[in-house]
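So you can see what is in the structure, the chains are spelled out below.
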Amino acid sequence: MPPGTPLFPESASTMASRVDNLYFFLLAVSIFFSLLIAGLIVSFAVKFHRRRAEQVGAQIHGGMALELTWTIVPFVIVMVIFVWGASVYFAMARPPDETLNVYVVGKQWMWKFQHLDGQREINELHVPVGRPVKLIMTSEDVIHDLFFPAFRIKADVIPGRYTSIWFHPTKAGRYHLFCAEYCGTKHSGMVGSVVVMDPNEFQTWLSGGSPEGSLAEGGAKLFASLACNTCHRPDAQGRGPVLEGLFGNSVTLQSGEKITVDEAYVRESILNPAAKVAGGFQPIMPTFQGLVTEEQLLELIEYVKSLQALPQVQTR
Amino acid sequence: MPSSTVFAPPRHYLNDGYGIKSWLLTRDHKRIALLYLAAVTFFFFVGGAMAVLIRLELATPVGDLVSDETYNKLFTMHGVMMVFFFLIPAIPSVLGNFLVPIMIGAKDLAFPKLNLASWYIYMIGGLFTLYSLVTGGLDTGWTFYTPFSTIASTSNVISAALGIFITGFSGILTGLNFIVTIHRMRAPGMTWFRMPLFLWSTYATSLINVLGTPVIAITILLVAAERIFHFGFFNPAVGGDPVLFQHLFWFYSHPAVYIMVLPAMGVVSELVAAGCRKPVFGYPFVAFASLGIAVIGFLVWGHHMFVAGESVYAALIFSVLSFIVAIPSAVKVFNWTATMYKGAVSWETPMLYAYGFIGLFTIGGLTGLFLAAIGLDVHVTDTYFIVAHFHYIMVGGTIMGYLGGLHYWWPKISGRLYNEGLAKLSAGIIFVGFNLTFFPQFVVGYLGMPRRYHAYPPEFQVLNVLSSAGASILGVGYLIPMVYLMWSLRYGKLAGANPWGAVGLEWTTTSPPPTENFAVTPIVTWNAYDYDSPVEGHVA
């Protein structure tokens with residue numbers, strides 16, 4: 001192989017080594033069984049090669065002990081792999097409590113990243129080393145998939161839904177990011193880099209200017225300009241629910257069902273308000289479908305999130 | 001005529017009527033098998049030509065040979081042609097059509113006219129899809145994922161989908177025909193457990209065809225309805241769920257993988273038994289493994305969607321079922337290998353394909369475990385790792401089985417022997433070319449190269465060049481059999497009834513068989529693969 005031809009991907013996250021260990025175990029299992037089968041076939045083919053034209057094989061019809069052996073042994077092995085694979089998957093599905101959150105919007109054919117402080121990037125994502133990062137993602141058009149080979153992580157980015165992935169970068173550097181779900185003509189151009197930086201450098205980069213202010217500030221402006229604030233008032237006198245302190249808590253719907261207020265619920269309540277109306281309120285809110293973009297939705301969500309204990313804008 | 005005419009009956013299915021009408025209006029399952037043979041071979045080379053262009057484009061990291069739009073159409077039509085018009089129909093429609101009645105001692109399938117209708121339906125579907133190819137092509141990928149296929153793509157989605165919809169009925173009707181035939185038309189004494197294993201796997205395949213294909217037909221109609229009338233089944237902007245499509249699509253298309261590989265497994269059971277002149281080790285286990293795969297295969301579709309926003313618990317269930325469906329496949333591999341023990345093992349071409357199948361299918365199956373392990377699937381899904389995996393199953397499995405079967409039964413089908421030296425040579429070329437093409441894709445996939453990429457980062461080039469080089473070898477390997485098989489039709493030595501010294505009803509009748517298959521209806525008093533006395537030396 002010429003220099004510059006890697007045969008194994010770089011490992012730059014805490015998850016990478018966990019995935020690689022499982023991969024090596026599976027490689028070992030595969031090599032063992034491939035060599036076993038190939039060895040048996042070759043040695044039987046040589047040893048029992050037909051020597052006379054009229055020769056026939058021995059009349060062996062089967063054997064229960066062997067059948068049980070090669071049913072049970074593979075079964076045990078695959079169950080070990082199943083449990084191992086599932087435990088890695090659980091770790092991928094459960095982000096740590098404290099994460100640096102970044103919003104991602106995919107569209108044909110670019111990636112837009114929005115940091116909470118307001119920095120926006122296209123096809124490039126800056127993150128600090130040594131701190132877990134969670135991406136909350138949606139798509140403006142078709143299904144995309146954000147894939148970081150060096151972190152061994154990917155997830156589909158689906159229109160009308162939020163999906164999320166998290167990773168904990170362990171090594172500074174610049175790594176590929178790809179769109180891994182076919183999305184049309186320039187699918188293979190929907191690529192970029194994730195830049196993992198030293199935390200201090202990242203802070204410098206982050207304060208390098210965000211003319212539009214933080215996401216929550218943008219959301220606050222939208223909240224006023226769309227006149228959300230006429231009904232959603234902090235003093236409980238409005239026609240809509242109080243949003244302060246709402247995010248992350250549960251509300252009881254008219255149907256009696258309890259639901260946790262997350263990004264998806266806020267999004268749905270803006271676009272399709274009648275779907276899940278909070279108990280004690282009338283379904284009078286108009287839909288904002290078509291009036292707000294995916295990016296504006298994210299700003300509004302971030303604003304609602306910021307209305308937690310203190311009614312002032314948080315920067316993280 | 002030479003003295004060997006004693007083997008050739010005066011009348012057989014090939015000379016029972018001449019002229020175009022005697023073929024296009026035939027109800028003889030053997031002639032219909034040959035109509036399918038011509039058609040699937042044509043679609044195989046159409047799909048193959050696209051594969052050649054794909055590999056040429058990928059020889060360099062930049063997209064320079066064809067435009068991105070053209071490239072997307074190439075891999076889409078390669079997939080559509082190969083999956084729906086070659087891999088799914090090839091073994092059942094060609095070898096199954098020829099062999100099912102003969103192997104059970106029947107004169108024909110239960111519904112001969114329906115059988116001919118199936119071929120016409122297949123051809124009409126194929127022509128629709130070809131039409132969409134020559135009038136601009138299709139760029140959705142063979143998977144037609146929504147909402148891309150319903151709201152974004154500007155290519156010929158409707159006509160291509162309609163072609164697949166129509167062709168699906170051909171599979172349903174053929175499956176129905178086989179099921180009824182195997183239930184109702186077995187010769188006296190041909191009990192279920194005396195049937196050759198090829199029939200068990202054909203039966204299992206037919207069940208999947210009949211039960212699964214309607215689901216893809218409905219799904220295609222939903223896609224068409226959303227495209228034409230803007231219904232909101234899948235488009236989230238009007239209340240649809242894009243992931244619902246993936247559930248419906250894979251509910252059929254995962255079992256469809258077993259439609260492709262089960263018949264090949266059946267062929268390999270026949271090749272191994274005849275190649276070793278020995279009963280297949282653990283016959284009932286191999287037979288029930290086919291049914292087990294068919295049943296469990298319907299319950300694993302969600303493993304295509306581990307990164308598509310599926311719930312963690314759904315992923316767990318689909319993962320464990322995917323591991324379980326691997327067990328019957330492993331059981332089969334072990335049984336075939338054990339069959340060779342103390343056999344009279346042949347090194348002739350059909351057996352070479354059986355060795356190739358077992359080796360490649362083993363690698364394909366084992367790499368399937370990587371994909372069933374959820375935490376690892378997250379990294380390798382949608383990359384070249386998965387491309388390599390399913391080509392090991394479909395090309396290394398299905399096509400090796402198909403070619404092995406075609407070589408094994410060619411003397412029966414044509415009455416002639418092909419050139420054994422060339423056949424061995426091309427089997428070797430195919431094996432080497434195949435591995436060179438697809439093995440590097442495992443490596444580049446784990447490195448992170450996504451599938452369906454027109455251009456890629458330069459550090460992946462060496463592995464891609466290896467793959468493209470392998471593809472050119474593989475292409476040559478596929479062309480050589482075309483030449484010597486055609487050549488044998490006219491110049492090949494007469495085969496005689498049983499050139500391999502094999503047992504099985506198909507080897508008791510003449511080559512080629514008479515139109516009614518047997519001079520007298522056989523009465524079966526023996527089990528499949530009953531090699532208890534030395535066989536007559538064979539002619540080859």
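1. Thoughts on the overall build of chain B
Logical step 1: Looking only at helices and strands, chain B has 16 helices and zero strands in total.
Logical step 2: With the C-alpha coordinates aligned to their principal axes, the bounding extent of chain B is approximately 70 × 45 × 45 Å.
Logical step 3: Sorting the 540 residues of chain B into buried and exposed places 65% on the buried side.
Logical step 4: Pairs at least 24 apart in sequence give 82% of the contacts found in chain B among residues at least 6 apart.
Logical step 5: With an accessible surface of roughly 17,300 Å², chain B has 72% of that area assigned to carbon and sulfur atoms.
Logical step 6: When the 24 positive and 22 negative side-chain charges of chain B are each reduced to one mean point, those points stand 13 Å apart.

2. As for the nonpolar core
Logical step 1: One finds Leu135, Leu146, Phe148 and Phe151 of chain A together with Tyr402 of chain B to be the most contacted residues of the largest nonpolar core, which totals 251 residues.
Logical step 2: Of all the elements, helix H9 (residues 242-276) of chain B adds the most residues to this core, at 21 residues.
Logical step 3: In this structure, Phe151 of chain A is in contact with Ala12, Ser13, Met15, Ala16, Phe167, Pro169, Tyr175, Val194 and Val196 of chain A, ignoring residues within four places of it in sequence.
Logical step 4: Within the second largest apolar cluster, 29 residues are counted, among which are Ile136, Val251, Leu253 and Val261 of chain A.

3. Details of the sheet that holds strand S1 (residues 100-107) of chain A
Residues and elements named next belong to chain A.
Logical step 1: Sheet architecture is open: five strands sit in the order S3-S2-S1-S5-S8, paired in mixed fashion. With one partner strand each, in any of the chains shown, strand S3 (120-122) and strand S8 (163-167) form the two edges of the open sheet. Along the sheet, successive strands turn relative to each other by an average axial angle of 25 degrees, direction set aside.
Logical step 2: Judged from the seven bridges that link them, S1 and strand S5 (residues 133-139) form a sheet pairing that is parallel. Bridged to Val105 within S5 is Thr138.

4. What about the pairing of strand S10 (residues 192-197) of chain A?
Residues and elements named next belong to chain A.
Logical step 1: Among the six residues of S10, six are classified as buried, and the element is accordingly described as predominantly covered.
Logical step 2: Residues Gly192, Val194 and Val196 of S10 are buried on one face, and the alternating residues Ser193, Val195 and Met197, pointing to the opposite face, are buried as well.
Logical step 3: Note that strand S4 (residues 124-128) and S10 share five bridges and pair parallel. For Leu125, the partnering residue across the bridge sits in S10 and is Val194.
Logical step 4: Pairing of strand S9 (residues 173-179) with S10, which is carried by five bridges, proceeds in the antiparallel orientation. Of the residues in S10, the one forming a bridge with His176 is Ser193.

5. Details of helix H4 (residues 90-103) of chain B
Residue and element names in this part refer to chain B.
Logical step 1: The end-to-end C-alpha distance of H4, which contains 14 residues, comes to 18 Å, matching closely the 20 Å that a straight helix rising 1.5 Å per residue would cover.
Logical step 2: Along H4, the helix axis deviates most sharply at Gly96, where the bend reaches about 55 degrees.
Logical step 3: Taking burial as the measure, the 14 residues of H4 include 14 buried ones, the bulk of the element.
Logical step 4: Gly105 sits one or two positions beyond H4 and adopts a positive phi of about 80 degrees.

6. Examining the packing of helix H8 (residues 197-229) of chain B against helix H10 (residues 283-296) of chain B
All names here are of chain B.
Logical step 1: Interhelical geometry of H8 versus H10 gives an angle of 10 degrees and a closest axis separation of 9 Å. Of the possible angle classes, the one that applies to H8 and H10 is roughly parallel. Mapping the contact onto sequence places Leu197, Trp200, Ser201, Tyr203, Ala204, Leu207 and Ile208 in H8 and Tyr283, Val286, Ala287, Ser290, Leu291 and Ala294 in H10.

7. Details of the pattern of salt bridges
Logical step 1: In this structure the tally under the stated criterion is 17 salt bridges over all chains.
Logical step 2: The salt bridge partner of Asp68 of chain B is Lys186 of chain A, with a shortest N-O separation of 2.7 Å. In this pair, Asp68 of chain B is assigned in helix H3 (residues 68-87) and Lys186 of chain A in the loop between S9 and S10, connecting two distinct chains.
Logical step 3: Note on Asp68 of chain B: relative accessible area 16%, which makes it buried.
Logical step 4: Residue classification places Lys186 of chain A among the partly exposed positions, given a relative accessible area of 43%.

8. Quick look at the sheet that holds S9 of chain A
All names here are of chain A.
Logical step 1: The five strands are arranged S4-S10-S9-S6-S7 in an open sheet whose pairing can be described as mixed. Two strands lie at the open edges of the sheet, namely S4 and strand S7 (153-157), each paired on one side alone. Put simply, the sheet's adjacent strands are angled 20 degrees from each other on average, direction ignored.
Logical step 2: Sheet topology note: the strand S6 (residues 144-148)/S9 ladder contains two bridges and is antiparallel. Within the sheet, the bridge partner assigned to Phe147 lies in S9 and is Phe178.

9. Details of the side chain of Ser346 of chain B
Logical step 1: Take Ser346 of chain B: it is sitting in the loop between helix H11 (312-340) and helix H12 (349-372).
Logical step 2: Once residues lying within four places of it in the same chain are set aside, the contact partners of Ser346 of chain B are Arg50 of chain A together with Gly275, Met351 and Tyr355 of chain B.

10. Some thoughts on the interface of chain A and chain B
Logical step 1: At the interface, 87 residues of chain A touch 101 residues of chain B.
Logical step 2: Interface area for chain A against chain B, summed over the two sides, is near 7,800 Å², with a carbon-plus-sulfur share of 71%.
Logical step 3: It is Arg50, Tyr89 and Tyr182 of chain A that lose the most area in chain A upon contact with chain B, and together they represent 10% of the buried surface on that side.
Logical step 4: Our enumeration of links across chain A and chain B arrives at two salt bridges.
Logical step 5: Notably, a salt bridge pairs Arg161 of chain A with Asp241 of chain B, separated by 3.2 Å at the nearest N-O pair.
Logical step 6: Where chain A packs against chain B, one counts 32 residue pairs in polar contact (both at pLDDT 80 or more).
Logical step 7: Of all elements in the fold, only helix H1 (14-47), helix H2 (64-93), S6, S7 and S9 of chain A reach the threshold of two or more residues within the side of chain A that touches chain B.
Logical step 8: A total of 18 residues in the side of chain A that touches chain B trace back to one element, the largest contributor, which is H2 of chain A.
Logical step 9: Its residues assigned to classes, the side of chain A that touches chain B comprises 54 nonpolar, 21 polar and 12 charged.

11. Points about helix H5 (residues 263-271) of chain A
Residues and elements named next belong to chain A.
Logical step 1: Burial runs high along H5: seven of the nine residues are buried.
Logical step 2: Of all the positions in H5, only Glu263, Tyr265, Val266, Arg267, Ser269, Ile270 and Leu271 are classed as buried.
Logical step 3: Buried residues along H5 sit in contact with S1, S5, strand S11 (250-252), strand S12 (258-260) and helix H6 (294-306).

12. Considerations on empty space enclosed by the protein
Residues and elements named next belong to chain B.
Logical step 1: Under the definition given, this model contains five cavities of 30 Å³ or more.
Logical step 2: What the largest cavity holds in volume is close to 220 Å³.
Logical step 3: Taken together, 21 residues line the largest cavity, and the ones lying closest to its centre are Ile88, Pro89, Thr167, Gly171 and Asn209.
Logical step 4: When contributions to the lining of the largest cavity are tallied by element, the ones reaching two or more residues are H4, helix H7 (157-184) and H8.
Logical step 5: Tallied by class, residues from the lining of the largest cavity come to nine nonpolar, 12 polar and no charged.
Logical step 6: The greatest single-element share of the lining of the second largest cavity, amounting to three residues, is contributed by H9.
Logical step 7: Looking at the lining of the second largest cavity, its residues break down into 14 nonpolar, two polar and three charged.

Reading the values: rules and limits
- Residues numbered from 1 in each chain as written.
- Chains lettered and ligands numbered in written order.
- Predicted model: local features only at pLDDT ≥ 70, side-chain atom pairs only at ≥ 80, totals over all residues.
- Heavy atoms only, no water.
- Helix = DSSP H or I, 4+ residues; strand = E, 2+ residues; numbered from the N terminus.
- Buried < 20%, exposed > 50% of the residue type's maximum accessible area, 1.4 Å probe, protein only.
- Contact = heavy atoms within 4.5 Å.
- Areas by Shrake-Rupley, 256 points an atom, 1.4 Å probe, with all protein chains shown as cover.
- Lys, Arg positive; Asp, Glu negative; His and termini not counted.
- Charge placed at Lys NZ, Arg CZ, Asp CG, Glu CD.
- Core = buried A, V, L, I, M, F, W, Y, C linked by side-chain atoms within 4.5 Å.
- Pairing = 2+ DSSP bridges.
- Axes fitted to C-alpha atoms, helices over the stretch in contact; angles between N-to-C directions.
- Expected span 1.5 Å × (residues − 1).
- Bend = angle between axes of the 7 residues up to and from the residue.
- Parallel < 35°, antiparallel > 145°, perpendicular 65-115°, else oblique.
- Salt bridge = Lys/Arg side-chain N within 4 Å of Asp/Glu carboxyl O.
- Buried area = accessible area lost by both parts, 1.4 Å probe.
- Polar contact = N/O pair within 3.5 Å; in protein donor to acceptor, adjacent residues only side chain to side chain.
- Nonpolar A, V, L, I, M, F, W, Y, C, P; charged D, E, K, R; others polar.
- 1 Å grid on protein atoms, 1.4 Å probe; cavity = no way out; pocket = protein on both sides within 12 Å on 5 of 7 lines; lining within 4 Å.
- Points joined across faces, edges and corners; volume = space filled by probe spheres on them.

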